Every structure is written in structure tokens, then in C-alpha cells.
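So the chains spell out like this:
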Amino acid sequence: MASSRQDYIAPWWTYWLHNFPHLNFNFQTVDKTFKPEDASYQQSLIFLACVSAVGLGLSLLVLSAFLTCLCCCRREEDEEVKRPDTCCVTWAAVITGLVICSAVGVGFYGNSETNDGVYQLTYSIYNANHTLGGIGSLVGNSLGSMQVGLKEHLERLDEIFSPRGDYTQTLRFMQQMANNIIQQLTAMPDTRKVQVDLAVIADKTSFIEYYRWLTYLLLLILDLLICLITCLGLAKQSRWLLAVIMVCGVLTLIMSWVSLGAGTATAVGTSDFCVSPDKFIVNQTKDSLSADIVHYYLYCSQSLPNPFQQSLTVFQRSLTTMQIQVQGLLQFSVAVFPTAEKDLLGIQRILNSSEFNLHQLTALLDCRSLHKDYLEALLGICYDGVEGLLYLCLFSLLAACAFCALLCAVPRAWTLIVIRDRDYDDIDEEDPFNPSRRITAYNPSRAQVHSFCSFSSSMGSQTSLHPPLPATSSTPEYMNQSMLFERNPRYENVPLIGSGSPPPSYSPSMRTTYLSMTDAQIRHFGTDFQM
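Note that the structure is predicted; figures quoted are calculated from it, not measured.

K.L.:
Any chance you could explain the state of the cysteines here in plain terms?
P.N.:
Put plainly, two cysteines are in a disulfide when a covalent bond ties their sulfur atoms together. Enumeration according to the criterion identifies two disulfides in this entry. In this model Cys274 forms its disulfide with Cys382; the gap between the sulfur atoms is 2.0 Å. Linking Cys274 and Cys382, the disulfide has an S-S dihedral of approximately -95° and is accordingly described as left-handed. Taken together, the residues span a long stretch of sequence, with Cys274 in helix H6 (residues 239-275) and Cys382 in helix H11 (residues 367-425) at a distance of 108 residues. Here Cys300 is linked by a disulfide to Cys367, with a sulfur-sulfur distance of 2.0 Å.

K.L.:
Hey, could you run me through the UniProt feature "transmembrane region" (unreviewed entry) in the protein in this one?
P.N.:
Here the UniProt-annotated "transmembrane region" (unreviewed entry) positions come out as residues 45-67, 88-109, 213-235, 240-260 and 389-410. Between the C-alpha atoms that bound residues 45-67 there is a distance of 34 Å. The span itself is 100% helix and 0% strand. For the annotated span residues 389-410, helix accounts for 100% and strand for 0% of the residues, and the straight-line distance between the end C-alpha atoms is 31 Å.

K.L.:
Explain the packing of helix H7 (residues 277-285) against helix H8 (residues 291-299) to me, please; I cannot follow it from the model alone.
P.N.:
Interhelical geometry of H7 versus H8 gives an angle of 145° and a closest axis separation of 10 Å. Handedness of the crossing formed by H7 with H8: right-handed. Within the contact between the two elements, H7 uses Asp278, Ile281, Val282 and Thr285 and H8 uses Val294, His295, Leu298 and Tyr299. When its residues are assigned to classes, the contact of H7 with H8 shows five nonpolar, two polar and one charged.

K.L.:
Just to check I follow, could you spell out the nonpolar core for this structure?
P.N.:
Membership of the largest hydrophobic core comes to 102 residues, with the highest contact counts inside it found for Phe161 and Leu361. Counting residues per element, this core draws most heavily on H11, at 22 residues. Those residues in contact with Phe161 that sit more than four places away from it in its chain are Tyr167, Thr168, Leu171, Leu329, Ser333, Phe337, Ala340 and Leu344.

K.L.:
So what exactly am I meant to see when it comes to the pattern of salt bridges here?
P.N.:
It is possible for side chains of opposite charge to pair when their charged atoms get near one another. Tallied over the full model, the rule gives six salt bridges. Note that Asp343 is salt-bridged to Arg156, the shortest N-O span being 2.9 Å. Of this pair, Asp343 sits in helix H10 (residues 340-365) while Arg156 sits in helix H3 (residues 87-160), and the two are 187 residues apart along the sequence. Across the pair Glu376 and Lys372 runs a salt bridge, and its minimum N-O distance is 2.6 Å. On the criterion of helical spacing, the pair formed by Glu376 and Lys372 is a turn pair, its members being four residues apart in helix H11. On the basis of relative accessible area, Lys372 is assigned to the partly exposed category, the value being 48%.

K.L.:
Hey, could you run me through a nonpolar patch on the surface in this one?
P.N.:
A cluster of nonpolar side chains, namely Phe108, Leu218, Ile221, Leu224 and Leu225, defines an oily patch on the protein surface of about 430 Å² accessible area. With four residues, the single largest contributor to the nonpolar patch is helix H5 (residues 192-236). On the secondary structure map, Leu218 appears in helix H5.

Parameters and conventions
Residues numbered from 1 in each chain as written. Predicted model: local features only at pLDDT ≥ 70, side-chain atom pairs only at ≥ 80, totals over all residues. Heavy atoms only, no water. Disulfide = S-S within 2.5 Å. Helix = DSSP H or I, 4+ residues; strand = E, 2+ residues; numbered from the N terminus. UniProt positions renumbered as here; feature names shortened; annotations may be inferred. Axes fitted to C-alpha atoms, helices over the stretch in contact; angles between N-to-C directions. Left-handed = near helix turned anticlockwise from the far one by under 90°. Contact = heavy atoms within 4.5 Å. Nonpolar A, V, L, I, M, F, W, Y, C, P; charged D, E, K, R; others polar. Core = buried A, V, L, I, M, F, W, Y, C linked by side-chain atoms within 4.5 Å. Buried < 20%, exposed > 50% of the residue type's maximum accessible area, 1.4 Å probe, protein only. Salt bridge = Lys/Arg side-chain N within 4 Å of Asp/Glu carboxyl O. Patch = residues over 30% accessible without salt bridge, like charges linked within 9 Å, V, L, I, M, F, W, Y side chains within 5 Å. Areas by Shrake-Rupley, 256 points an atom, 1.4 Å probe, with all protein chains shown as cover.

Written out as C-alpha cells, the structure is:
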């Protein structure tokens, strides 16, 4: 059937997915025809979904083996290496982040395409449902008018025209035409069951699609957040961020494999329908519609006769005949029977309304409207929908592989952070380049080192000490340096006892005082400067 369609050609990816092996739980081959109510066919789709569970198990097994080897077989880092090599971890994180970002982009595109295809499907179904509802409404109104309204008018006219046999004969002829119309309208298929089925399909599809779209949207946002947290965790070398990455990464890995299985099963099932949609529609409608009617709407070919053409023709001819009879009665009988005018005008209004319904019914029963909705539904679900599902499957596969690699890189990054902290804590406290050692050297709680200026003020009563020359300038340079460091003494403020010359930063007055010091004062200095 599908090969004879000239207006719909299934895309190549639906044939590719349709050729996937269909196996039941007993590993037996199942017919690939789309039969969602068949238990064996349902098992084949579940089997395809369970394939992703194997991938999830392998991923978790690889992660477990890697973590075991990392914990049990980790080699000791060389003690001389103060900064471990983080190049591999950095590049792994960068490549993984790029893959995740690319996968998220593919996922957003696939999610949008799938949503567009499903929306087109439901929109076309609702349009077809509206058309079927219009057909049923027109048929029902016409039947009610002929069976109730027209019958009442004819019964009253039969009483009025009882003295005239020719008029009563005309009324019986009109009743016969009305019965023909009723017969043709009754023979038309009841579209209410098909209408209810289409409404249920559209409502369920819309409901499922909303939550599917929302689930994938949340999964995509979660992937982006994990990628961002990974960059922050590696940049700040934060342990708690790496722990969050591990927990969320495992959760996202599981969700990626689950979404891959669900997407694969849905894509294969939809492709089975898209390869031969006409056959499925015929099988589903065989109890409510005849085969010629279904083929007329599925193919809408000029070579196919309209199955309602005869009924519509009889309807039109009967109405025309009745209108002619009513016009004759209005022209000749009203002068004799004036009370009959009201009923004759009522019959004329019913016939005019029925003719208007006939024109609308003819337009709705034409195949072009329903066939257009059918084609748009097929194009939406088989082109955009299945294509979007393929992109979503690609996203799930890329995300699963990327997160598996990311979870392998995070423990290594954790190990490097631990090694860095351990090497930092192992720095010798006596090392002059140790920051804590330099801070301790300036701790005020340690023994105070007297500067040359403070000693001069305390020894000013000794006669052997020549007072310094009157200050002719501003505060000495070394005092300004002491003030810059919050009055903490600096090493260059301490006189160099036993050396041949004072520090080069001493002023001339300090140099004169230093050269005039006695041996006792030198010994006193030596005692004061012992740490």
C-alpha cells in the first residue's frame, strides 16, 4: 500500500528504524507490522528499550572497575613533585564539557522538532475530528427535520386537504420523497465512534507529549548545570563541588540511558506505523467504516468513486421534487384552503434548511479536507517527529558517554586536590620561604628586638655615650620604614654588632654614635640580640 502512494513517501530513516530486529522476551522474531494492541509486538518494543539497560549496566561496571583500580592500585606520588601534573584531568574536563554542550544543543533541537511533529499530528487529528463532528451534526439535523417537523406539517395538511383527493395524493408523494431522504441519511456511516476514538487519541497524545517535552527540558537544563558546576569545581578546586558533580553525574547518567531506551522504542514503533500507515488505518476502522470509504479518504484519487455520491444525488433530487410540489400547492390550494398556507410555508422553510445542510454536507464529505488532515498528520509525526526522536537518541548517547568519562575524571581531580593540600601542609616550618614562618617572624609576642634608636634613648645617661647631633632634618628613614610596618622592628634597624661598618641605611648621626660605643655597650647589645 505504502509504495502506491504518490502524495506521501515515508522518509528513509523510518525504513532504517523499521528494519531493527523485533524480538519478544523469548528471543523470537516478531512481525514488524505496527500492532500496538498485540502482546508480542509490545514485547518487541520493550526488548528494544531494555537494550539501553545493558548499556547502563556496562557504564556502571566500567565506573566501578575504574574507581576500584583508582583506590586499590593508585601509585604513590613522587615526594619531590610539589605540583602534580593536572594536564590530563584538565583536557578531559574540557573535552567532556564540549561534548556535553554539543549534546545539549542537539537535544534542544531534537526536543523542539519532536514537539512540532506531535503538535502537527494532534492539530490534524482535532481538525479531522471537527470535520467528522460537522458531518454527524448535519446528518442528525436533516434527519430530525424530516422525521419530526415535516411529518407534523404533512399530517395537518392531510386533514385540511381531505376533501380534495388530488391534494392528498400530492402530500403522499411528498411523504415518499421524505422517506427517501431519511433512508439515504440513515445509510450514511455513523461517525460518532470514529470521532470519539480520534478525540481520545489526540488527548492522550497531547498529555504524553507535554510531560515528555518537560522531562527532556529538565534533563537538558540539568546537563548544562552539571557542565557549569564542573567548570567551577575544577577552576576553584573545590571538593564539595566535585562531590555534587559525582552525585548529579550518576543520576544524569542513569536518566540518559533511560531516555535513550524510551526514545529508541518510541522511534521504532512510530517508524513501523509510518512505513505502512494505510494498512493500520484500514484495520482500525473496519468495524465502523467500509473499506471503500476508508480508501476514498486515504488516497483521494480521481479514479476512486465517491461512495456518498448516490446518496447525495437522491437527497438533492428528492428535495427538488418536494419544493416543486410545495410551490404548486401554495399557488392553487391556498385560495381554497387558506389555513393550509401556514403549514405549506413551514414545509418550505424545512426544505430550504435541508438544502443548505445538503450543500455543507457535500463539502464536508469530499475527500480533500480529511485527506489533507491525514497527510499533514503523517508528515508531522513521520518527518519532524521521528527525526526529532533520532536527535534525542543521539543526545542521550552522547550525554551518557560524556558523563561516564566525566565521572572517571572527577575522582582523579579529587586525588590531585588531596595531594596538593597534603604537600602544602608538609612544608618545613623552619623553611624561610614558608609563609607561616615569615608571619611568625614578625609576631609581636616573641622577644622584642631593640632598635638602635630605642637603645640610644635608654642609655642617654652614660657619659661615655656621645649624644647625637641635633636633628636638622625630618624623621630618619628607618623610622619611616618602621611606621610603614605598624611599628614592628625590621632587621635592618638592628645594629650589626661585630661588623666593620653599620648598615648603609644609617644616618650620619647614627654612624658617629655607633663608632663611639664601648666594649661593655657592645656586650650589652650582644646579650639583647640573642634569640
